[in-house]
Amino acid sequence: PRRNLIMSLIFAARDTIPEVTIFFGDRLLRACRATKTDTHRLSAFDSPNLPPLATIGIAIDEADHLILPPPRGALRVHTKMDTR
């Protein structure tokens, strides 16, 4: 619902979690570890092998030990693709 969208925007605007994430059901999940588990319930996404990066209640509770460090160095763009 609307809360998921608002919280997604809040996390995207913060610079504390430099990762691609999914916010759903009061939990922030690492996107590469999340799977769609149900199409009809509110707990539609889960991360069975990794706890949430953050949970929302009265306050935002980030799991600092799970958050990856920010990338170092400049962004490198590769213009030649391997077509094999």
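The present account deals with the structure reproduced in this document. Everything numeric in this text was worked out from a predicted model, so none of it was measured.

## As for the overall build of the protein chain
For the protein chain, the helix and strand inventory stands at one helix and six strands. The helix and strand sequence of the protein chain, counted from the amino end, reads α-β-β-β-β-β-β. Computed over C-alpha atoms, the radius of gyration of the protein chain comes to 15 Å, more than 25% over the 12 Å expected from 2.2 N^0.38 for 84 residues, which places it beyond the range of a compact globule. Its C-alpha atoms give the protein chain principal-axis dimensions of roughly 45 × 30 × 25 Å. The burial tally for the protein chain puts 25% of its 84 residues in the buried class. For the protein chain, contacts bridging at least 24 residues in sequence account for 38% of all contacts bridging at least 6.

## Re the side chain of Asp-38
With respect to the helices and strands, the residue Asp-38 is situated in the loop between β3 (35–36) and β4 (45–46). Among residues more than four places away in sequence, those in contact with Asp-38 are Ser-43 and Ala-44.

## A closer look at the nonpolar core
One finds Met-7, Phe-11, Ile-17, Phe-23, Leu-28, Leu-50, Leu-53, Ala-54, Ile-56, Ala-63, Leu-66 and Ile-67 forming the largest nonpolar core, which totals 12 residues. Among the elements of the structure, α1 (2–13) and β5 (54–56) are those that each provide at least two residues to this core. If near-sequence neighbours (up to four positions away) are discounted, Leu-28 is found in contact with Phe-11, Ile-17, Thr-21, Ile-22, Phe-23, Pro-52, Leu-53 and Ala-54.

## As for the packing of aromatic side chains
Counted by the stated rule, this structure contains two aromatic pairs. Here Phe-24 and Phe-45 contribute two aromatic rings whose centre-to-centre distance is 5.3 Å and whose plane-to-plane angle is 70°, an arrangement assigned as edge-to-face. Taken together, the residues Phe-24 in strand β1 (residues 21–24) and Phe-45 in strand β4 connect sequence positions 21 residues apart.

## With respect to the sheet that holds strand β6 (residues 60–62)
Read across the open sheet, the four strands follow the order β1-β2-β5-β6; overall the sheet is antiparallel. Unpaired on one side and paired on the other, β1 and β6 mark the two borders of the sheet. Taken pair by pair, the neighbouring strands of this sheet meet at an average axis angle of 20°, ignoring direction. Sheet analysis places strand β2 (residues 27–30) next to β5, joined by two bridges and oriented antiparallel. Across the sheet, Leu-28 pairs through a bridge with Ala-54, a residue of β5. Across the face of the sheet, α1 comes into contact with β1, β2, β5 and β6 while running at roughly 145° to β1.

## Description of the pattern of salt bridges
Applying the stated criterion to the full structure yields four salt bridges. The partner of Arg-14 in a salt bridge is Glu-62, with the nearest N and O atoms 2.9 Å apart. Of this pair, Arg-14 sits in the loop between α1 and β1 while Glu-62 sits in strand β6, and the two are 48 residues apart along the sequence. You can call Glu-62 buried: its relative accessible area is 17%. Here Glu-19 makes a salt bridge to Arg-30, at a shortest N to O gap of 2.4 Å. Taken together, the positions of Glu-19 in the loop between α1 and β1 and Arg-30 in strand β2 put the pair 11 residues apart, joining distant regions of the chain. Accessibility assignment for this pair places Glu-19 and Arg-30 in one class, buried.

Thresholds, definitions, all that
Counting starts from 1 at the beginning of each chain's written sequence and moves along it residue by residue. A pLDDT threshold of at least 70 governs which residues receive local features in this predicted model, and a stricter bar of 80 or more applies before side-chain atom pairs are shown or counted, although totals over entire chains, interfaces and linings include all residues. Side-chain descriptors were evaluated using all non-hydrogen atoms of the structure, hydrogens and water having been removed beforehand. Numbered from the N terminus, helices here are DSSP runs of H or I no shorter than four residues, and strands are runs of E no shorter than two. We compute the radius of gyration from the C-alpha atoms alone; for a globule the expected value is 2.2 Å times N to the 0.38, where N is the number of residues. Any residue under 20% of the maximum accessible area for its type is buried, any over 50% is exposed, and the rest in between are partly exposed; the area is computed with a 1.4 Å probe on protein chains only. We call two residues contacting when some pair of their heavy atoms lies within 4.5 Å. To form a nonpolar core, buried Ala, Val, Leu, Ile, Met, Phe, Trp, Tyr and Cys residues must be joined to one another through side-chain atoms within 4.5 Å. Whether two aromatic rings pair depends on their centres lying within 6.5 Å, for rings of Phe, Tyr and Trp, where Trp uses its six-membered ring; planes under 30 degrees apart make the pair stacked, over 60 edge-to-face, and the rest tilted. A strand pair is defined by DSSP finding two or more bridges across the two strands. Helix axes are fitted only over the stretch in contact, all axes being lines through C-alpha atoms; the angle between N-to-C directions runs from 0 to 180 degrees. For this document, the term salt bridge refers to a Lys or Arg side-chain nitrogen within 4 Å of an Asp or Glu carboxyl oxygen.

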